[in-house]
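Observations on the three-dimensional arrangement
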Amino acid sequence: MTETTYSLDNIRLRLNKLDDELLSLLSERRKMSLEVAKSKVQTAKPVRDAAREQQLLVKLINAGKDKYQLDAEYITKLFHTIIEDSVLLQQAYLQNLANPETCRKPLARVAFLGDKGSYSHLASQEYFSRKNTDLIKLNCQHFREIIKTVESGHADYGVLPIENTSSGSINEVYDQLQHTTLYIVGELTLPIEHCLVATSETKLEEVTTLYSHPQPYQQCSEFLSHLPKINLVSCSSTVDAMNKVKALDKRDTAAIGNATTAKLYGLQPIKGNIANQTENHTRFIIVARKPVEVSSQIPAKTTLIMSTSQQAGSLVSTLLVLQKFSINMTKLESRPIMGNPWEEMFYVDLEAHLNDENMQQALAELTKLTTHIKVLGCYPSENVKPTQVKIN
Ligand SMILES: O=C(O)C(=O)C[C@]1(C(=O)O)C=C[C@@H](O)C=C1
């Protein structure tokens, strides 16, 4: 019996061709998503249609099982990504129609923390590429500088990390929002994949000095607790940390950062996946001098900042208003008010359009119950929650 010979070169050529066909089909699907968006402009239907997504996923899972021997989990994961892309594309189209002024700008000056390759830079690139906008990058050394650069008109937008799934809220950013005249106009969640990075010769056991921004350091605290002898040197950003490690070129020195960025700065990952949680994500907010209009066809978030009187139950009474108007709160954060010891400012993220009737009524009631209240912004929710399907 003759054995089949498998030529790797030949298989790779066939794979290349097939992958190219997949790309072409994905591009075709994107064009259709845009046609759907145009049809939804005419019919005023919401972008998201959970029933249609259910139907689609069930049909695909069954076809995968019966016709193609593809398992349900694989198909679900793949199509959650495809549908997320379709939703975000449609949202971007509708947002451009709702904001013709900004839509006409193919270039935006964007202020963010750190240099090329910092997580804030990656977030800025992803956010603005979805909007088909090229960036003029304005690197900043700290959060206050980002806010000031936008407030003064030197930048159109600022990108700020606001919370992380491992280390929680970024207090410094919340404190900056207390006094700014800027509005939140968008959000983006970025997966953060921390590695220990160093020069190519460095071994993990040799590392005694770690350069890091405090945030990644906190997010990797469990891994770092197993390296008790390590000394931390605090840096202004992950890129700053990598630059310093590269310049020192010492075998006992490492930084925390992203593997792709490390290569950009001549370093290598020596240990991957070092964050406390495998699902390590950071949510960024985008700030600008003018608020945005949010299309009523897409899910929106509204962020409020408020302070209540120092009486028992005063915070509870504000939360009851949200319950009364069926408004879902996705985050509540409290921060001290500078100069007023023991007084707190509350930041509230709501799943609501500012212009909705129930939101307006809730706002009117909240205004009576609070000593200070301000809308920090109403913006498209870019967190596309995957539709769950029951697989038998
Ligand atoms: O069919 C629609 O209504 C679409 O918007 C398209 C689509 C998809 O990409 O398949 C995207 C979002 C909806 O939630 C459902 C399906």
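What you see as residue numbers is a count from 1 along each chain, following the sequence as written. Residue-level local features of this predicted model are given only where pLDDT is at least 70; pairs of side-chain atoms are given and counted only at 80 or more, and the full residue set underlies all totals for whole chains, interfaces and linings. The side-chain numbers reported here are obtained from all heavy atoms of the structure, hydrogens and water having been left aside.

- An unreviewed UniProt entry annotates the protein as Bifunctional chorismate mutase/prephenate dehydratase originating from Parashewanella curva.
- UniProt positions are given in the numbering used here, feature names are shortened, and annotations may be inferred rather than shown by experiment. Its UniProt record, at the heading Subcellular location (unreviewed entry), says of the protein: "Cytoplasm".
- UniProt's Function (unreviewed entry) comment on the protein is quoted here verbatim: "Catalyzes the Claisen rearrangement of chorismate to prephenate and the decarboxylation/dehydration of prephenate to phenylpyruvate."

**Notes on the site of the ligand**
- In these notes, residues near a molecule or strand are those with any non-hydrogen atom within 4 Å of it. Around the ligand, a shell composed of Arg29, Val36, Lys40, Val47, Arg48, Asp49, Arg52, Glu53, Leu56, Ser86, Val87 and Gln90 is seen.
- In protein, a polar contact means a hydrogen-donor-capable atom and an acceptor-capable atom, both N or O and within 3.5 Å, with residues adjacent in sequence counting only if both atoms are side-chain atoms; elsewhere, any N or O pair within 3.5 Å suffices. One nitrogen or oxygen atom from the side chain of Arg29 is found 2.8 Å from an oxygen atom belonging to the ligand.
- The contact in question runs from an oxygen atom of the ligand to an N or O atom on the side chain of Lys40, over 2.6 Å.
- Bound to the protein, the ligand loses 89% of the 360 Å² it would expose on its own.
- At the level of elements, helix 1 (8-43), helix 2 (50-68) and helix 3 (72-98) are the ones that each hand at least two residues to the shell around the ligand. In this description, accessible areas are obtained by the Shrake-Rupley approach with a 1.4 Å probe, and a residue is regarded as covered only by the protein chains that are shown. Secondary structure elements follow DSSP: runs of H or I of four or more residues count as helices, runs of E of two or more count as strands, with numbering from the N terminus.

**Some points on the nonpolar core**
- Here, nonpolar core refers to any group of buried Ala, Val, Leu, Ile, Met, Phe, Trp, Tyr and Cys residues whose side-chain atoms link them within 4.5 Å. Burial classes follow relative accessibility: with a 1.4 Å probe on protein chains only, a residue under 20% of its type's maximum area counts as buried, one over 50% as exposed, and anything between as partly exposed. Membership of the largest hydrophobic core comes to 24 residues, with the highest contact counts inside it found for Phe143, Ile146, Leu160, Ile285 and Tyr347.
- Secondary-structure elements contributing two or more residues to this core are strand 1 (107-113), helix 6 (143-151), strand 3 (157-164), helix 7 (171-177), strand 11 (281-288), strand 14 (340-351) and strand 15 (370-380).
- Ranked by residues supplied to this core, first place goes to helix 6 with four residues.
- Each domain's limits were defined by an automated method or a database of domain assignments. Residues from two domains meet in this core; each of domain 2 (102-190 + 281-288) and domain 4 (300-380) gives at least three.
- Formed by 18 residues, the second largest nonpolar core is a distinct cluster that contains Leu57, Val87, Leu94 and Cys378.

**Digging into the UniProt feature "binding site: substrate" (unreviewed entry) in the protein**
- Under the UniProt annotation, the feature "binding site: substrate" (unreviewed entry) is placed at Arg12, Arg29, Lys40, Asp49, Glu53, Ser86 and Gln90. On the basis of their most widely separated C-alpha atoms, the annotated residues across 79 residues do not gather in one place, lying as much as 41.4 Å apart.
- With respect to the secondary-structure elements, Ser86 resides in helix 3.
- On the basis of relative accessibility, which here comes to 9%, the residue Ser86 falls in the buried class.
- Apart from residues lying up to four places away in sequence, Ser86 is in contact with Arg29 and Ser33. The criterion used for residue contact is that any of the two residues' heavy atoms lie within 4.5 Å.

**A word on the environment of Val197**
- Of note, Val197 is situated in strand 6 (residues 195-198).
- In sequence terms Val197 and Ser129 are 68 residues apart; their C-alpha atoms lie 28 Å from each other.
- Those residues in contact with Val197 that sit more than four places away from it in its chain are Met242, Ala254, Ala255, Gly257, Ala262, Leu267, Gln268, Pro269 and Ile270.

**Points about empty space enclosed by the protein**
- The rule is simple: put a 1 Å grid over the protein atoms alone, call a set of points where a 1.4 Å probe fits but cannot get out a cavity, call an open set with protein on both sides within 12 Å along at least five of seven lines a pocket, and count a residue as lining if it has an atom within 4 Å of a point. Grid points are joined across faces, edges and corners, and a volume is the space filled by probe spheres set on the points. Tallied over the full model, the rule gives three cavities of 30 Å³ or more.
- In this structure, the largest cavity occupies an estimated 230 Å³ of space.
- Lining the largest cavity are 18 residues, with Tyr119, Pro161, His213, Gln215 and Pro216 sitting closest to its centre.
- Of all the secondary structure elements, the ones that give two or more residues to the lining of the largest cavity are helix 5 (119-130), helix 8 (214-219) and strand 11.
- By residue number, the principal contributor to the lining of the largest cavity is helix 8, which donates three residues.
- Throughout this entry, Asp, Glu, Lys and Arg are counted as charged residues, while Ala, Val, Leu, Ile, Met, Phe, Trp, Tyr, Cys and Pro are counted as nonpolar. The remaining residues, Gly among them, count as polar. For the lining of the largest cavity, a count of residues per class yields eight nonpolar, 10 polar and no charged.
- Forming the walls of the second largest cavity are Ile162, Tyr174, Leu177, Ile184, Arg283, Ile285, Thr303, Lys331, Tyr347, Val348, Asp349 and Tyr379.
- Among the secondary structure elements, those contributing two or more residues to the lining of the second largest cavity are helix 7, strand 11 and strand 14.

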